Every structure is written in C-alpha cells, then in structure tokens.
Amino acid sequence: MLRTTASLLLCVLATTTIARIHTVRPGDRSLTNALARAADGDTVLVHAGTYAEGTITIDRSLVLQGQGWPVIDGGGKGEVIVVKASHVTITGLVVRGTAISDLNDNAGIKCISTTDIVITGNRVEGCFFGIYLSSVARAMVSDNRVIGDAATQENRRANGIHLWKCAHVEVLRNTVLHHRDGIYLEFVTDSRVSHDTTAFNMRYGLHFMFSHRDIYTHNLFHDNGAGVAVMFTKEVTMTENQFLRNRGASAYGLLLKEINDAHIDRNAFADNTVGLLLDGCNRTSVKDNAFNTNGWAVRLFANSTATTFEANTFSGNTFDMTTNGDLVMSVLKGNYWDRYRGYDLDHDGRGDVPFRPLSVFAL
C-alpha cells in the first residue's frame, strides 16, 4: 500500500524502532549533521531559514520535514537533495540551487533505486530538473509546486517532474510551470497522473514513452509548446483532462504515436492548432470528448487501424477531421457535428443521412 503522509510512514517505521525528532535551526546545527545522527524511523524537523550545505544525501529511512518553509539551497554545485534509502518522506521545504549541466541530470530532489517514497507539499524553484525519480517503486509525488525560471533558454531547462523506470507511482495535484517538459515518464508502469496542472513549459505539458498501463485523469494542460505527447505505449487511459491553447506550427493538444489499446474519454480539446493527432495507433477508443475552436480537431493518419470515434462533440473548429489516406476499419458513430445540415425526419436525435467530416481542403 502506498504511504501517503509523513505520519503514516513514521508509524510503519516505529514498529521496529523508537522514533526521535531531531530539530535543526539556522546557526544552531547543520542539516547534514542532523541527518547523520538520525536513525531509521526518525524525523528531522527543519525550522525556517536558509541552509546552504551543498548536496544533502539521505541514506536512511526517515522523515525530512520543514516548518515555516525553510530553504534548502544547493548553491549551484550539483544536486540539492539525493535520496538513496527506502521509506523516506520529504515535506514542507523550499528547494533551489541545482547546477545546470549538459552531462548530469541534476535535480532539486532526486530519488535513486528506492521504494516507498513520499514527496509532498514542497516548493521546488528554479532547478534544472525539479523532482526526479529513477528506478523507484511505490511512490507518491503530490501537492508540490515545481516552478522553473521563465527567462531561461530551452537548452538550460530540464523537466519538472521526471520519472524513469518506475512502477506504482502516484503523481497528484502538482503545479509544474516553465520547464522543458512539465511531467516526463519513460518506462513507467502501473502508475497514475491525476489532478495536476502543467503550463508554459517550452516543449510538452506531459510527455511519456514506453509507459504501459498508466492512467491520466483530471489534469489541466494549457499554454505549453506542444501539448501532450504519448509514444510507443500500450494500454493508455486518459479521461477528463483539459488540453487548452497549444498553438504553433506543429502544436497539438494530444499526440498519440505508435499506441495500442488507448481509451481517450471525456476530455476537452479547445483552441489548439491540432486537438488530437493519431499516428500509427491501433484499437483506440475516442469517446465523449469535446473538440471546440481548434484549427484541426482531429488528424487521423491512415496508418491507424480500428479506431472508434463515438459520441464526441465537434463545434467551432476550422476543420473537424482530416486524414492522409484510406481509413482501415475505423468507425465514426453518434458524434455531434455543428456543420451537419442533414435532416431528422423520425425525430430520434440522429441525422437520417451520414455526415462526411473529411474535406480535401483540410489536408
């Protein structure tokens, strides 16, 4: 079971250890020394102030808790907080001051080859990577504000929340702004991204590859460089998300590329250059979505097979749908098209003649 709070994690650890609280104040004792004295199950309570001690390493199971938003500043020398132990909670901190590097993935908070991690309620500011999980199982990243530097060039930015080779991770209620990709997942399975907001990121609000059986729900992706990209993945579920205002020569709300067995249900696509693009996808269900005021609502490439569009609403788009060849085994049924001018003589709410949304001018 995922540990969702510091107190729950502490209770689990207290079954085998007597937990102690180590208090750290500016000018009193260093954070590094307090972590070195702590045992498994202890809490290190950090009071308000600035702690500039280079890279902080956590190598035992404990709770690192801030009180009054203490600032942990890495001084631009490398990582800020590195976690190498399981059963660790980090909460209530302001984290800043990574080095920017073309060779190293320096992060504000990085967890490496661990399990049962909780990173909740922190502010990660102006870091190269924000929160970075590598080879982590059973983790929760929740209620954090991960804010990059809006003035930094793209080659000096990295991803806000970055997961690599992880499983059973919950990414919940985070706000991620001004990074390269807001949230990035690669080789991440059986995980959930829910109720997050990503905006003003230079490339994608959400980007994931080779990440199977994951669920993305109730997220807001707006004003990013190119919306959301999903690549080389199977069993994707994306429900009740908003894809808004992704504009540019090659921008889209949601790109699906080489995807098998995806469910795209009850989402809103509005004011994007392209709302939804499907390239090389098989057995995709697109149901109950709203496509409003996009340039192209849907671009469905002919190499996508057995796609079903059902009960979607198309209104105010420049072009509702386009393709580049013959659609193979794809089905459009029960959709609402604001351009439909047919009749409904039996008054069953469905047009008596089919609507053909494809146009030679839409290519």
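Residues numbered from 1 in each chain as written. Predicted model: local features only at pLDDT ≥ 70, side-chain atom pairs only at ≥ 80, totals over all residues. Heavy atoms only, no water.

The next subject is the side chain of D320. Tracing the chain through its elements places D320 in strand β34 (residues 319-322). By relative accessible area, D320 is classed as buried at 3%. There is a polar contact of 3.1 Å between the side chain of D320 and the side chain of R339. (Helix = DSSP H or I, 4+ residues; strand = E, 2+ residues; numbered from the N terminus. Buried < 20%, exposed > 50% of the residue type's maximum accessible area, 1.4 Å probe, protein only. Polar contact = N/O pair within 3.5 Å; in protein donor to acceptor, adjacent residues only side chain to side chain.)

The pairing of strand β13 (residues 129-134) with strand β16 (residues 161-172) spans 4 bridges and is parallel. Considered in β16, the bridge of S134 is made with W164. (Pairing = 2+ DSSP bridges.)

In this structure, K165 takes a positive phi of about 55 degrees despite not being glycine. As for its placement among the helices and strands, K165 is situated in strand β16. The residue E240 is not glycine, and still its phi comes out positive at about 55 degrees. Its place among the elements puts E240 in the loop between β24 (228-239) and β25 (242-244). Among the residues examined, E240 registers a relative accessible area of 34% and is labelled partly exposed.

Under the definition given, this model contains 0 disulfides. The closest cysteine sulfur to the non-disulfide-bonded C111 is located on C166, 9.0 Å from its own sulfur. Note on C111: relative accessible area 0%, which makes it buried. (Disulfide = S-S within 2.5 Å.)

On to the packing of aromatic side chains, then. According to the stated counting rule, one finds 11 aromatic pairs in the structure shown. Plain terms: the ring middles of F314 and W337 are 4.2 Å apart, the flat faces sit at 10 degrees to each other, and that makes the pair stacked. With F314 in strand β33 (residues 313-315) and W337 in strand β36 (residues 336-337), the pair connects residues that are 23 residues apart, well separated along the chain. Residue W337 is classed as buried on the basis of its relative accessible area of 9%. Among the aromatic residues, those joined into a cluster by ring pairs are F221, F243, F269, F291, F314 and W337. Above the ring of Y132, the side-chain terminus of K110 is found at 4.5 Å from the ring centroid. Over the ring of W69 we find R123, and its NZ or CZ is 3.8 Å from the ring centre. (Phe/Tyr/Trp six-rings, centres within 6.5 Å; stacked < 30°, edge-to-face > 60°. Lys NZ or Arg CZ within 6 Å of the ring centre and 35° of its normal.)

Our next topic: the side chain of H22. If you trace the backbone, H22 turns up in strand β1 (residues 21-24). Separated by 2.8 Å, the side chains of H22 and D42 make a polar contact. Excluding its chain neighbours within four sequence positions, the residues that come into contact with H22 are R37, A38, D42, T43, V44 and L45. (Contact = heavy atoms within 4.5 Å.)

Inspection of the secondary structure assignment puts G225 in the loop between β23 (220-222) and β24. Judged by relative accessible area, G225 falls into the partly exposed class, the value being 30%. Spatially, the C-alpha atoms of G225 and R247 are 7.2 Å apart, while their sequence positions differ by 22 residues. Not counting the four nearest positions on each side in its chain, G225 is found in contact with N201, M202, R203, R247 and A251.

Below, the discussion takes up the pattern of salt bridges. Side-chain pairs of opposite charge can arise whenever the charged atoms involved come near each other. Following the criterion strictly, the structure yields 15 salt bridges and no others. Between E240 and R266 there is a salt bridge whose closest N-O contact spans 3.6 Å. Here E240 is found in the loop between β24 and β25, whereas its partner R266 is found in the loop between β26 (254-265) and β27 (268-270), with 26 residues between them in sequence. Residues R247 and D271 are paired through a salt bridge, measuring 2.7 Å at the closest nitrogen-oxygen approach. (Salt bridge = Lys/Arg side-chain N within 4 Å of Asp/Glu carboxyl O.)

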